[in-house]
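# Descriptive structure summary
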Amino acid sequence: PFEFVKGKMLLEHGIAEVKPIDATFADGKLAASVKVDFSQPGGTRRIQVGCNLASASAAKLTSILKAKTEEIQGDVDLHGEITAQGNSADEIKRTIQGSATLKIENGLLKRFSTLSKTFSLLNVSQLLKFKLPDLVTEGMPFNKITGNFNIINGVIHTNNLYLDSDAVNVSIIGSYNPSRNYVDTTIGLKPLQTIDKVVSSI
């Protein structure tokens, strides 16, 4: 879904290029480019995409991406460049290579299954009765989420995904395979409310 799109298309020697593309997408401004090499046979056909998305709605993006269990609110800035090859959606997903940077500001996380499971594992009597955020009912407001991503053969890798909030800071290193819906990460948490209350008690 989009609200407005404008672009210029060039087709030459079997290569189609749309550049620049200006669009209004998920309440944000999108600048993008797409290049497809139709001169190659289907299995080796190369696709290149670059995009710069500013001030988009995280809620609308997660809805578009069919993320039914997770809810994110906030303002999204995303910059990325990817390449892929293939003749079907599955081939393209398996061969994606590229990089991206992400920033989401002034938002809310709710029903986020991976973090909810992590919090439950670290429960330890709710960290000595100083409760961690409830991501199922209330959600967790956050100041900023930032991260850089490398995409290798369709698998997304990060070594600096960081969530900054007043309740808890979270750092994540690891990978996500969308085709298998498989997450392999190391997560570090610093529950700030707990630290503040312990220091106050002392």
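Residues numbered from 1 in each chain as written. Predicted model: local features only at pLDDT ≥ 70, side-chain atom pairs only at ≥ 80, totals over all residues. Heavy atoms only, no water.

### Some thoughts on the overall build of the protein chain
- Within the protein chain, the regular secondary structure consists of five helices and ten strands.
- Within the protein chain, the proportion of its 202 residues that are buried is 31%.
- Element-wise, carbon and sulfur atoms account for 56% of the exposed surface of the protein chain, whose accessible area totals about 12,600 Å². (Helix = DSSP H or I, 4+ residues; strand = E, 2+ residues; numbered from the N terminus. Buried < 20%, exposed > 50% of the residue type's maximum accessible area, 1.4 Å probe, protein only. Areas by Shrake-Rupley, 256 points an atom, 1.4 Å probe, with all protein chains shown as cover.)

### Some remarks on the pairing of strand β10 (residues 182–191)
- Where strand β9 (residues 168–177) meets β10, ten bridges bridge the pair, whose relative direction is antiparallel. Note that in β10 the partner of Tyr176 across the bridge is Val183.
- Adjacent in sequence and paired antiparallel, β9 and β10 are bridged by four residues, among which Asn181 carries a positive phi angle near 55°. (Pairing = 2+ DSSP bridges.)

### Regarding the sheet that holds strand β6 (residues 97–110)
- Taken in spatial order, the ten strands line up as β1-β2-β3-β4-β5-β6-β7-β8-β9-β10 in an open sheet, and their pairing is antiparallel. A single partner strand is all that each edge strand has here, and the edge strands are β1 (4–12) and β10. On average, each strand axis in the sheet is inclined to that of its neighbour by 10°, with strand direction left out of account. (Axes fitted to C-alpha atoms, helices over the stretch in contact; angles between N-to-C directions.)

### Structural notes on the nonpolar core
- Among the nonpolar cores identified, the biggest contains 24 residues, and Leu61, Ile104, Leu109, Phe142, Ile145 and Leu163 are the most heavily contacted of them.
- Ranked by residue count, the leading element in this core is strand β7 (residues 140–152), at four residues. (Core = buried A, V, L, I, M, F, W, Y, C linked by side-chain atoms within 4.5 Å.)

### Observations concerning the pairing of β6
- Pairing analysis gives twelve bridges linking strand β5 (residues 71–85) to β6, with the strands arranged antiparallel. Residue Leu78 lies in a different strand from β6, and its bridge partner there is Leu102.
- Inspection of the sheet shows β6 paired to β7 by eleven bridges, in the antiparallel sense. Looking at β7, one finds that Ile104 is bridged to Ile145.

Purely geometric stuff here, so don't read any function into it on its own.
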